[in-house]
Amino acid sequence: MKPLEKLLRPNIRDLKPYSSARDEYSGEAAVFLDANENPFNAPYNRYPDPYQRELKKRIASLKKTKPENTFLGNGSDEAIDVAIRAFCEPGVDNIVSISPTYGMYQVAADINNIEVRKVLLKPDFELDPDALLREADEHTKIIFLCSPNNPTGNCFKEEGIRKVLEGFQGIVVLDEAYIDFAPEKSWLPKLEDYPNLIILQTFSKAWGMAGIRLGMGFASTQIINVFSKIKYPYNVNILTQKKALNLLNESQDMEQWVENLLTERARLTKALNQCKFVNKIYPTDANFILLKADAPRDIYNYLVGNKIIIRDRSNVALCEGCLRITVGTQEENKKLLAALEGYQNRINKA
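Residues numbered from 1 in each chain as written. Predicted model: local features only at pLDDT ≥ 70, side-chain atom pairs only at ≥ 80, totals over all residues. Heavy atoms only, no water.

A. Structural detail: the overall build of the protein chain. The number of helices and strands found in the protein chain is 13 helices and eleven strands. Over its C-alpha atoms, taken along the principal directions, the protein chain stretches across nearly 75 × 50 × 30 Å. In the protein chain, which comprises 350 residues, the share counted as buried stands at 51%. Contacts in the protein chain between residues at least 24 apart in sequence constitute 70% of all its contacts with a sequence separation of at least 6. As displayed, the protein chain has an accessible area near 17300 Å², and 50% of this comes from carbon and sulfur atoms. Positive and negative side-chain charges of the protein chain, numbering 46 and 46 respectively, have mean locations separated by a distance of 3 Å. (Helix = DSSP H or I, 4+ residues; strand = E, 2+ residues; numbered from the N terminus. Buried < 20%, exposed > 50% of the residue type's maximum accessible area, 1.4 Å probe, protein only. Contact = heavy atoms within 4.5 Å. Areas by Shrake-Rupley, 256 points an atom, 1.4 Å probe, with all protein chains shown as cover. Lys, Arg positive; Asp, Glu negative; His and termini not counted. Charge placed at Lys NZ, Arg CZ, Asp CG, Glu CD.)

B. Spatial organisation of the nonpolar core. Counting 51 residues, the largest nonpolar core has Leu127, Leu132 and Leu145 as the members making the most contacts within it. Two domains each donate at least three residues to this core, and these are domain 1 (4-250) and domain 2 (252-349). Among residues more than four places away in sequence, those in contact with leucine 127 are Ile98, Leu121, Lys122, Leu132, Leu145, Phe156, Gly160, Ile161 and Val164. With 32 residues, the next largest nonpolar core counts Phe71, Ala83, Ile142 and Ile198 among its residues. (Core = buried A, V, L, I, M, F, W, Y, C linked by side-chain atoms within 4.5 Å. Domains from an automatic or database assignment.)

C. Just the packing of helix α5 (residues 75-87) against helix α6 (residues 104-111), in detail. One can describe the packing of α5 onto α6 by two numbers: an axis separation of 9 Å at closest approach and a directional angle of 45°. It follows from the interaxial angle that α5 and α6 lie oblique. Once α5 is placed against α6, the crossing between them reads as right-handed. Contacts between α5 and α6 pair Asp77, Ile80, Asp81 and Ile84 from the former with Met104, Tyr105, Ala108 and Ala109 from the latter. Looking at the contact of α5 with α6 residue by residue, the class counts come to six nonpolar, no polar and two charged. (Axes fitted to C-alpha atoms, helices over the stretch in contact; angles between N-to-C directions. Parallel < 35°, antiparallel > 145°, perpendicular 65-115°, else oblique. Left-handed = near helix turned anticlockwise from the far one by under 90°. Nonpolar A, V, L, I, M, F, W, Y, C, P; charged D, E, K, R; others polar.)

D. Up close: the packing of helix α12 (residues 296-305) against helix α13 (residues 330-349). At a minimum axis distance of 10 Å, the contact between α12 and α13 shows a crossing angle of 120°. Taken as axis vectors, α12 and α13 run oblique relative to one another. As for the relative orientation of α12 and α13, their crossing is right-handed in sense. Here Asp298, Ile299, Tyr302 and Leu303 of α12 come into contact with α13, specifically with Leu336, Ala339, Leu340, Gly342, Tyr343 and Arg346. For the contact of α12 with α13, the class distribution of residues is seven nonpolar, one polar and two charged.

E. Representation of α13. With 20 residues, α13 should cover 28 Å at 1.5 Å per step; its first-to-last C-alpha distance of 29 Å lies within 8% of that length. For α13, the full list of buried residues reads Asn333, Leu336, Leu337, Ala339, Leu340, Tyr343 and Gln344. The buried residues of α13 occupy an angular sector of 160° when the element is viewed end-on, so they sit on one face. Of the exposed residues in α13, the ones pointing more than 90 degrees away from its buried face are Lys335, Glu341 and Lys349. Buried residues along α13 sit in contact with α11 (251-272), α12 and β11 (322-326). (Expected span 1.5 Å × (residues − 1). Arc of directions from axis to C-beta.)

F. Inspection of the packing of aromatic side chains at higher detail. Evaluated as defined, the whole model comprises ten aromatic pairs. Look at tyrosine 178 and phenylalanine 288: their rings are 5.2 Å apart centre to centre, the planes differ by 80°, and that puts the pair in the edge-to-face class. Highlighted residues: tyrosine 178 in the loop between β5 (171-175) and β6 (197-202) and phenylalanine 288 in strand β9 (residues 288-293), separated in sequence by 110 residues. Of the two residues examined, tyrosine 178 and phenylalanine 288, each falls in the buried class. Aromatic rings pair up to connect Tyr102, Tyr105 and Phe144 into one cluster. Lysine 190 extends its terminal NZ or CZ atom over the ring of tryptophan 187, reaching a point 4.7 Å from the ring centre. Over the aromatic face of phenylalanine 288 sits the side chain of arginine 324, whose NZ or CZ is 5.5 Å from the ring centroid. (Phe/Tyr/Trp six-rings, centres within 6.5 Å; stacked < 30°, edge-to-face > 60°. Lys NZ or Arg CZ within 6 Å of the ring centre and 35° of its normal.)

G. Region of interest: the pairing of strand β1 (residues 70-73). Neither face of β1 is open: one carries Thr70 and Leu72, the other Phe71 and Gly73, and all of them are buried. Two strands pair when backbone bridges link them, and β1 and strand β7 (residues 215-218) are joined in this way by four bridges, in the antiparallel orientation. Note on β7: the bridge partner recorded for glycine 73 is glycine 215. (Pairing = 2+ DSSP bridges.)

H. Spatial organisation of the sheet that holds strand β2 (residues 94-99). If you trace the seven strands from one edge of the open sheet to the other, you get β1-β7-β6-β5-β4-β2-β3, paired in mixed fashion. In the strand order of this sheet, the two ends are held by β1 and β3 (115-120), each with one partner. The mean inter-strand angle of the sheet, taken between neighbouring strand axes irrespective of direction, is 20°.

Functional significance is not addressed by these values, which are geometric in nature.
Shown next as structure tokens:
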């Protein structure tokens, strides 16, 4: 890895972050008259902890990492945006991304006027580390990987990810949004071995907290300090922090949800394999299923007519003719399968 000072944008390296009242003092007091807050309507009249200290301690304990290696943001999307703003000079630098993958890497780069160089996965949706490294040049600051990948659902092999980490001198962002559903383990225990690694996780999937918008980034203390300089002072509101702390105390619920979803994923996969219009179901390590079908748009529209919404991914690279179906509750999955049976009956009558 190049020295962090060489990778950072000069203006970010020299940035003097905004100093809030809560930067100057944090702790308990009888009277707070430092932040021009309204003294009424406690506790919502107070600004939230800008560094989410209590929440980071709880997450660090759960993830077996350290609070100083943790960034919290408004979903993982904020961490993606902050990483690009930290390392990529607009109109000069570029990022390398796999294709197909999560669309926010492209959107965040476009917003920041950063070129995106896309490298197709192999036909089996596996990573091509050599192609990724060949695509990078002296202006490539970040390589984005998503494992398990969206929309393909598969985890990438450890040796492929390691080859990218060890062969690239810039930053590697590994998005693990779906890791709780996968048999493969998170790369978090290896974080100290790779100073150029940023790991993203989220409370939106296995934890069932998509509505509170809370994403996690894990990296070296030096990188986290840079992220903290760039982010807006109160980026995670008090309601989100309190709700997350409450839900984290019920971790057994999350474990049960994941177990139920994996059972339903297997049951749904078996049933979908019986549908005559389904040509292929791809292996998945996530809470969704990608399948190739005859007339995917027709299927999509039929399900919409039955008030069931899935994703048509047939216009995505390597996913021609594909639909992506999120695993729902047992009752939701029964409704989906009943609707697909109705679609099959319609085809038979045609």
